Every structure is written in C-alpha cells, then in structure tokens.
Amino acid sequence: MNLPNVLHNGIMCKIGRGAVILSDPSLTERVIADIQSGKELDTSIKPSALPSVAQLLNVYMGRRGISTEVLFEQAGLSRSYGFRVLNGSRKNLSRDAVLRLAFVLGLAIHDAQFLLKCAMNPLLSGHLKRDVIIMKALNDHKLLSDIQDILISYQEKPLLAE
C-alpha cells in the first residue's frame, strides 16, 4: 500500500479504499466569518474529517508489513488492549501509548504528530525538553528501547505503557 506521507494542510490521504480530506486551512476563516455574520453555531460546526486511530494504525501496519500482535507486543501493550484499539472500542489512548506505537512503527515526526492528533492527544512541542528528545529520536529512526534509554539519560520519564 503506497500512501502519501503528507497527512495535513489540505492534502488527501487514502484510508483503505476511500479518501478523506484531513484538513481545510480555510475552514477556520469560514467559521469565523459565519460567527461574525450572526449565523447559528450549528450551521458552522463541521464533523471531524480525521481518520480513526484504528484506520491510521492499519495503514501504518500495512506499510511496515507488521501484524497487530507484533505491533502491540513490541510496544509493550497487551493483546487485548490492541484488539480494543483496532476494533474502535478503545478510543482514549494515552499520549505515551501513541508514541510507543509510533516508535515501533518507525514513523517520521509528521506521521507521529498526525497519529497523536487523531488520538486527540497534545502534539509534540518544541517548548518541552522531553518532546524535543522524542522528536529527535523519531527523526533519527531510533527504536523504542533506544528512546527509553535516551529519556532516562536526560532525566526525563520514559514512555509509559498503559
């Protein structure tokens, strides 16, 4: 499955056989204009166009040729947890769990950021020492075990499992 790497700024991303628009840069401007013109809020609020975490993980697993069992085992997350994530019954993944999955999948920074966004978690920030260390490790294609050691060496907490 060969999918585009750019997953934001109005670029289309194939999810399964369909496609979704991941963002619309002008949406905010339209909503502001609607509000300022006195329109009711319910006419301006649009449903999220983000894919589910399960859809995105399936895409990334397909790219890497990695099975569900291997992904969650290497991320240090239980098999039942993985099953609940992929069937959609587990929607609130911790930020650290998402990042553990990103490292096992070997994601680039922008893909890890998008996975965090789809999981409704805060994005990595250049203002936080721990986040900068994580971004550098993603950029350098470090393994999960490597980032754990690196974080500890900088006296930062490691990525925790659920």
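Use the structure listed above.
My aim in this report is to walk through the structure given alongside it, one point at a time. The model shown is predicted, which means the values in this text are computed figures rather than measured ones. (Residues numbered from 1 in each chain as written. Predicted model: local features only at pLDDT ≥ 70, side-chain atom pairs only at ≥ 80, totals over all residues. Heavy atoms only, no water.)

**A look at the layout of surface pockets**
- In this structure, the largest pocket encloses a volume near 240 Å³.
- What lines the largest pocket is a set of 15 residues, and nearest its centre among them are Pro51, Ser52, Val53, Lys91 and Cys118.
- Here the lining of the largest pocket is composed, by residue class, of nine nonpolar, four polar and two charged. (1 Å grid on protein atoms, 1.4 Å probe; cavity = no way out; pocket = protein on both sides within 12 Å on 5 of 7 lines; lining within 4 Å. Points joined across faces, edges and corners; volume = space filled by probe spheres on them. Nonpolar A, V, L, I, M, F, W, Y, C, P; charged D, E, K, R; others polar.)

**Quick word on unusual backbone geometry**
- At His141, a residue that is not glycine, the phi angle is positive and equals roughly 55°.
- The backbone phi angle of Gln155 is positive, close to 60°, even though this residue is not glycine.
- Here Gln155 is to be found in the segment after α9 (144-153). (Helix = DSSP H or I, 4+ residues; strand = E, 2+ residues; numbered from the N terminus.)

**What to know about the environment of His141**
- Tracing the sequence through the fold places His141 in the loop between α8 (129-139) and α9.
- The exposed category is assigned to His141, whose relative accessible area is 60%.
- Put simply, His141 and Val104 are 37 residues apart on the chain and 9.9 Å apart in space, counted from C-alpha to C-alpha. (Buried < 20%, exposed > 50% of the residue type's maximum accessible area, 1.4 Å probe, protein only.)

**So, α8**
- Those residues of α8 not exposed but buried are Arg130, Asp131, Ile133, Ile134, Met135, Ala137 and Leu138.
- Close packing links the buried residues of α8 with α6 (95-105), α7 (109-118) and α9.
- At the exit of α8 stands His141, carrying a positive phi of roughly 55°. (Contact = heavy atoms within 4.5 Å.)

**Describing the side chain of Gln148**
- Tracing the backbone shows Gln148 in helix α9.
- Beyond its immediate chain neighbours, meaning those up to four positions away, Gln148 contacts Arg100, Pro158 and Leu159.

**Let's talk about the packing of α6 against α8**
- Where α6 meets α8, the axes come as close as 11 Å, and the angle between the chain directions of the two elements is 20°. Taken together, the axes of α6 and α8 lie roughly parallel to each other. Judged by the sense of rotation from one axis to the other, the crossing of α6 with α8 is left-handed. Contacts between α6 and α8 involve Arg95, Asp96, Leu99 and Phe103 on the former and, on the latter, Arg130, Asp131, Ile134, Ala137 and Leu138.
- Considering only residue class, the contact of α6 with α8 consists of five nonpolar, no polar and four charged. (Axes fitted to C-alpha atoms, helices over the stretch in contact; angles between N-to-C directions. Parallel < 35°, antiparallel > 145°, perpendicular 65-115°, else oblique. Left-handed = near helix turned anticlockwise from the far one by under 90°.)

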